[in-house]
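Next come the chains, spelled out residue by residue.
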Amino acid sequence: EFGLSEEVVEEGIKNFRGAPGRVEIVQRKPFKVVVDYAHTAESLDAIYKALKDEINGGGKLICVLGSAGGGRDKWKRPKMGAAAAKHCDTIILTDEDPYDENPKEILSEIKSGIAATNFNEENILEILDRRAALKKAVELAHSGDTVIATGKGSEAWIHVRKGEKIPWNERAVMEELLKENR
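Rules of the game
- Residues numbered from 1 in each chain as written.
- Predicted model: local features only at pLDDT ≥ 70, side-chain atom pairs only at ≥ 80, totals over all residues.
- Heavy atoms only, no water.
- Phe/Tyr/Trp six-rings, centres within 6.5 Å; stacked < 30°, edge-to-face > 60°.
- Lys NZ or Arg CZ within 6 Å of the ring centre and 35° of its normal.
- Pairing = 2+ DSSP bridges.
- Helix = DSSP H or I, 4+ residues; strand = E, 2+ residues; numbered from the N terminus.
- Axes fitted to C-alpha atoms, helices over the stretch in contact; angles between N-to-C directions.
- Parallel < 35°, antiparallel > 145°, perpendicular 65-115°, else oblique.
- Left-handed = near helix turned anticlockwise from the far one by under 90°.
- Contact = heavy atoms within 4.5 Å.
- Nonpolar A, V, L, I, M, F, W, Y, C, P; charged D, E, K, R; others polar.
- Salt bridge = Lys/Arg side-chain N within 4 Å of Asp/Glu carboxyl O.
- Buried < 20%, exposed > 50% of the residue type's maximum accessible area, 1.4 Å probe, protein only.

> Sorry if this is basic, but what is going on with the packing of aromatic side chains here?
In this description, a pair of aromatic rings is defined by centroid distance and the angle of the planes. Taken as a whole and judged by the stated rule, the model has zero aromatic pairs. In this arrangement the basic side chain of lysine 165 is found over the ring face of tryptophan 157, its NZ or CZ atom lying 4.5 Å from the centre.

> Would you mind showing me how to read the pairing of strand β1 (residues 24-27) here?
A regular strand places its side chains so that they alternate between the two faces of the sheet. One ladder, built from three bridges, connects β1 with strand β2 (residues 32-36); its direction is antiparallel. Directly across from isoleucine 25, in β2, lies its bridge partner valine 34.

> Just to check I follow, could you spell out the sheet that holds β1 for this structure?
Backbone-to-backbone hydrogen bonds pair the strands of a sheet. The strands run either parallel or antiparallel. Here we have six strands laid out as an open sheet, ordered β1-β2-β6-β3-β4-β5, and mixed in their pairing. The sheet is open, and its two borders are formed by β1 and β5 (124-126), each paired with just one other strand. The sheet shows a mean angle of 20° between the axes of neighbouring strands, taken without regard to direction. Bridge count for strand β3 (residues 61-65) against strand β4 (residues 90-93) is four bridges, and the pairing is parallel.

> Explanation requested: the packing of helix α3 (residues 77-87) against helix α4 (residues 103-115) in the structure shown.
Axis angle and axis distance: for two packed helices, these are the angle between their axes and the distance between the axes, and together they describe the pair. The contact between α3 and α4 brings their axes to 6 Å, and the two run at 50°. Relative to α4, the element α3 lies oblique. Pair α3 / α4 crosses with right-handed handedness. Every residue of α4 that contacts α3 at Arg77, Pro78, Gly81, Ala82 and Ala85 is listed here: Ile106, Glu109, Ile110, Ser112, Gly113 and Ile114. Residues that form the contact of α3 with α4 fall into these classes: six nonpolar, three polar and two charged.

> Before we go on, may I ask you to explain the pattern of salt bridges in this structure?
Pairing between side chains of opposite charge can happen when their charged atoms approach one another. Scanning the entire structure with this criterion turns up 18 salt bridges. When salt bridges with common partners are traced through the structure, they connect Lys74, Arg77, Glu101 and Glu109 into a single cluster.

> Sorry if this is basic, but what is going on with α3 here?
An α-helical turn contains 3.6 residues, so any two residues separated by three or four positions project in the same direction. Every buried residue of α3 is listed here: Arg77, Met80, Gly81, Ala83, Ala84, Ala85 and His87. Structurally, α3 contributes buried residues whose contacts are with α2 (41-54), β3, β4 and α4.

Note that every value here comes from positions in space, so none of it alone points to a role or purpose.
What follows is the structure in structure tokens.
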């Protein structure tokens, strides 16, 4: 349709490394670490299911999850929690972009969706500091497990109160934490 030869298209597909922040695999062994932008219940359900289906031999799915703040999309928070409860073995609730909203209230709304399921509350952690939440996920992971951090993907900032922005690179933070954890 664009006038490209079959060879050029084939070469492009062969060399495509994926979109930054979308099912971006940071590490494969001894446990897998994935960064993904998923930020709706439907996208979380899809990525969690896909990753859970890949796990063999009793490995666990450890999910780091936040939700949009600033009064946006509050309705989806319980649904996001329910999606996590459906597939994840451990859920670490954390900040994503709280803007001027109370971060604890955001986590409470996500948690309400988890509470509506039979998910074991002992496997829910609330760590507001996103870096600390990612660190905890890496510390909890064992060989054969998968850690997934959702919501930020390749976004360059965490948006907090009064328009302040904290520079952020989810993949780089994960790589740093993995080096520290060795």
